[in-house]
Amino acid sequence: MSATQAALRGEVSIRRLSKAFTLNDRRLDVLRGLNLDIRSGECLVIVGASGSGKTTLLRILAGLEQADAGEVDIDGRPVAGVGAERAVIFQEPRLLPWLTVLENVTFGLDIRGWSKARARAEARHYIELVGLGDFADAYPRQLSGGMAQRVGIARALTVKPEILLLDEPLGALDAMTKIAMQQELSRIWREEKVTMILVTHDLEEAIYLADRVLVLPKIKSQPPRLIDVNLPRPRERSSADFVALREELLAEFGLH
Amino acid sequence: MTIQDVNSSLALGADGARPANTGAFGRKALQLVGDLATRFGVLIAFALLWEYGGRLGFLNSAVIPPLSNVIAALRDGLVSGPLKEDLGISLTRAGVAFGAATALGIPLGLVMGQLPTAEKLIDPLLQLFRQTSALALYPVFILLLGLGETSKVFVIFWASLFPILLATIGGVKEVDGKLIEMARVYGARRLTIFRRVVLPGAVPQIFVGLRLSATTALLMLIAAEMIGANHGVGFQVMNAQYNFQLPLMFASIVLLALLGLATNYAILGLQRRLCRWNAAA
Ligand SMILES: Nc1ncnc2c1ncn2[C@@H]1O[C@H](COP(=O)(O)OP(=O)(O)OP(=O)(O)O)[C@@H](O)[C@H]1O
Ligand SMILES: [Mg+2]
């Protein structure tokens, strides 16, 4: 019994999920009957053209947005609103500017009623994990963009989510910080054994991190595509297989 | 030079020791004098002009007595003269009114800032009241509340209520919705979101409102004391002029200016302590 439950941790099942917006009296179908199963501990990366519904899908999974039809189950239970088993990392770090790095990272634990001492000890562990041990007492305005984003990641990890939802978390970073952070995300994902669902515009990032890549089509009459990434880890960006896969993804966008 | 070399020299530059400098002390002292001169130079020149203007013949010292006389009158007035009592009365009036405006304005602003519909309903009325000079309403308050303390305190309260109320509403509304969403994702409920995100986010704006309100309270205090009062520093300005005690008149004016400065600095000091995250390190 407990073994099956353990296997279920962080499993997501999406059934016939639909969402439309009304924009200037025009109906805009963003998701049309999406079906998808995300395995426990998997890293699923979502790519797609701007406006294809990536953020909408992620926000529905987070419980911040409601679908019009269809359902999302997490570990067999239907999603209704936000939940303690999910954490979200947004494109912006969303740190509270009046709190230090340490206080920001304990935020989720404070809300869960942890004692100050325990929360701080736990937070320090994750601050070390993202390499910001020397900056625990700094304020957000004293951090670079990459450092701030790492604080946001540490904050999300403290609450030990089964599912980590990330919406272009590295989108605002420069190329070199980005590569370093991709390696860091990959390591964290392995160490924390968390199900990771990540939205990105960067195909290289997608192939570097993903077990599978979900390609959302711009034209809604086309079905979404799932592409397996069966490359050994850690992945070599210049390997022939990596490059070939990148070409294949580019072709998905008609950019070949 | 290898990459390692570059790295190590960069690291040294970042946290290496500051070079000791024997001439540093003298230079620091000079810089301090320079800083003081830029900060207070014009003020000192103004004081000197005031003091010696009469003797040099370009100020009429019958109307504008030298600064030293004014300072002497201020000291005498505060130690043994009428200013001591006047100051107490004025501080009480302004203090009670400002305290009441704050005690009502901040909580009301916090609530209204979070209720967009209520805010939208009341906003036109607020704007109308705000644009109506409190001084123009003073006769109305006198009719309703009499010519005593109540109408004076009320007109000051009325005038200083709007800055703090509107600033608090604005502060709450300006709190980043993305931060509120973040808190929601971590499971925070309404009250927690208010306590941990909305309130601290609104604090800088609240302080802006506090300073505006304090300034308004002092302005209104003087106006109210010039109309139908027989105590208070504002009254003393008029009274001393009427009796041609010009050093006392200027002493009262200086006292009011000092009061304004002290209030402003007190609120600024409090803000610096509470908003360390906001200030330049
Ligand atoms: N609250 C909303 N109201 C109206 N339309 C919306 C709303 N949110 C999203 N949309 C529309 O839904 C579509 C998908 O938006 P979404 O943000 O999910 O796209 P995306 O794939 O994340 O794009 P990007 O790559 O630019 O971030 C867009 O056309 C957008 O205009
Ligand atoms: Mg998006």
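Residues numbered from 1 in each chain as written. Chains lettered and ligands numbered in written order. Predicted model: local features only at pLDDT ≥ 70, side-chain atom pairs only at ≥ 80, totals over all residues. Heavy atoms only, no water.

## Thoughts on the overall build of chain A
Okay, step 1: Of regular secondary structure, chain A possesses nine helices and ten strands.
Okay, step 2: Relative to the globule expectation of 18 Å for 256 residues, the C-alpha radius of gyration of chain A, 19 Å, shows essentially globular dimensions.
Okay, step 3: Out of the 256 residues belonging to chain A, those deemed buried represent 50%.
Okay, step 4: Expressed as a percentage of contacts within chain A between residues at least 6 apart in sequence, the contacts between residues at least 24 apart total 69%. (Helix = DSSP H or I, 4+ residues; strand = E, 2+ residues; numbered from the N terminus. Rg over C-alpha atoms; globule rule 2.2 N^0.38 Å. Buried < 20%, exposed > 50% of the residue type's maximum accessible area, 1.4 Å probe, protein only. Contact = heavy atoms within 4.5 Å.)

## Some points on the site of ligand 1
All names here are of chain A.
Okay, step 1: Not every one of the 14 residues close to ligand 1 is listed here, only the nearest: Ser 50, Lys 54, Thr 55, Thr 56 and His 201.
Okay, step 2: Between Gly 53 and ligand 1, the recorded distance is 3.0 Å, taken from a backbone N or O atom to an oxygen atom.
Okay, step 3: Contact between ligand 1 and Lys 54: an oxygen atom at 2.6 Å from a side-chain N or O atom of the residue.
Okay, step 4: Within the complex, 66% of the 630 Å² of free accessible area of ligand 1 lies under protein.
Okay, step 5: A per-element tally of the shell around ligand 1 places helix H2 (residues 54-62) first, with three residues.
Okay, step 6: Per-class residue counts for the shell around ligand 1 are five nonpolar, seven polar and two charged. (Near = heavy atom within 4 Å. Polar contact = N/O pair within 3.5 Å; in protein donor to acceptor, adjacent residues only side chain to side chain. Areas by Shrake-Rupley, 256 points an atom, 1.4 Å probe, with all protein chains shown as cover. Nonpolar A, V, L, I, M, F, W, Y, C, P; charged D, E, K, R; others polar.)

## Comments concerning the interface of chain A and chain B
Okay, step 1: Residue-level contacts link 25 residues of chain A with 21 residues of chain B.
Okay, step 2: Taken together, the two surfaces of chain A and chain B that pack against each other cover about 2100 Å², and 63% of this comes from carbon and sulfur.
Okay, step 3: Counting the surface chain A buries against chain B, the share from its top three residues, Arg 94, Trp 98 and Arg 141 of chain A, is 31%.
Okay, step 4: Seen at the junction of chain A and chain B, the total is four salt bridges.
Okay, step 5: The salt bridge partner of Glu 92 of chain A is Lys 178 of chain B, with a shortest N-O separation of 3.5 Å.
Okay, step 6: At the junction of chain A with chain B, the criterion picks out six residue pairs in polar contact (both at pLDDT 80 or more). (Buried area = accessible area lost by both parts, 1.4 Å probe. Salt bridge = Lys/Arg side-chain N within 4 Å of Asp/Glu carboxyl O.)

## Observations regarding the sheet that holds strand E6 (residues 86-89) of chain A
Residue and element names in this part refer to chain A.
Okay, step 1: The six strands are arranged E6-E7-E8-E3-E9-E10 in an open sheet whose pairing can be described as mixed. The open sheet is flanked by E6 and strand E10 (225-228), the only strands paired with a single partner. Averaged over all pairs of adjacent strands, the angle between their axes in this sheet comes to 20 degrees, without regard to strand direction.
Okay, step 2: Pairing between strand E3 (residues 43-48) and strand E8 (residues 195-199): four bridges, direction parallel. Residue Ile 46 lies in a different strand from E8, and its bridge partner there is Val 199.
Okay, step 3: The strands that helix H6 (residues 145-158) touches are E6 and strand E7 (163-167); relative to E6, the one it contacts most, it runs at about 175 degrees. (Pairing = 2+ DSSP bridges. Axes fitted to C-alpha atoms, helices over the stretch in contact; angles between N-to-C directions.)

## Some details on the packing of aromatic side chains
Okay, step 1: Under the definition given, this model contains eleven aromatic pairs over all chains.
Okay, step 2: Taking the centre distance of 5.7 Å and the plane angle of 65 degrees together, the rings of Trp 98 of chain A and Trp 277 of chain B count as edge-to-face. Taken together, the residues span two chains, with Trp 98 of chain A in the loop between E6 and helix H3 (101-105) and Trp 277 of chain B in the segment after helix H11 (246-274). Comparing Trp 98 of chain A with Trp 277 of chain B, the two get one shared label, buried.
Okay, step 3: Across the ring face of Phe 90 of chain A, the terminal group of Arg 94 of chain A is positioned such that the distance to the ring centre comes to 3.5 Å.
Okay, step 4: Over the ring of Tyr 208 of chain A we find Arg 237 of chain A, and its NZ or CZ is 4.1 Å from the ring centre. (Phe/Tyr/Trp six-rings, centres within 6.5 Å; stacked < 30°, edge-to-face > 60°. Lys NZ or Arg CZ within 6 Å of the ring centre and 35° of its normal.)

## A short note on the domain arrangement of chain B
How big an interface is tends to be stated in terms of the accessible area lost upon association of its parts.
Residue and element names in this part refer to chain B.
Okay, step 1: Entries for chain B in the domain assignment read domain 1 (21-64) and domain 2 (69-274).
Okay, step 2: Put simply, the middle of domain 1 and the middle of domain 2, counted by C-alpha atoms, are 33 Å apart.
Okay, step 3: Listed as interface residues are five residues of domain 1 and, on the opposing side, six residues of domain 2.
Okay, step 4: Per-residue buried area on domain 1 facing domain 2 is highest for Trp 50, Ala 62 and Val 63; these three make up 76% of the total on that side.
Okay, step 5: Where domain 1 touches domain 2, the interface holds zero salt bridges.
Okay, step 6: Inspection of the domain 1/domain 2 interface yields zero residue pairs in polar contact (both at pLDDT 80 or more). (Domains from an automatic or database assignment.)

## A closer look at the pattern of salt bridges
Okay, step 1: With the rule as written, the count across this model stands at 26 salt bridges over all chains.
Okay, step 2: The residue Asp 29 of chain A makes a salt bridge to Arg 27 of chain A at a minimum N-O spacing of 3.1 Å.
Okay, step 3: Between Arg 196 of chain B and Asp 110 of chain A there is a salt bridge; the shortest N-O distance is 2.8 Å. Of this pair, Arg 196 of chain B sits in helix H9 (residues 190-226) while Asp 110 of chain A sits in helix H4 (residues 107-111), each in a different chain.
Okay, step 4: Of the residues examined, Arg 196 of chain B reaches a relative accessible area of 16% and is grouped as buried.
Okay, step 5: Sharing partners across several salt bridges, the network here consists of Arg 59, Glu 65, Glu 92 and Arg 94 of chain A together with Lys 178 and Glu 181 of chain B.

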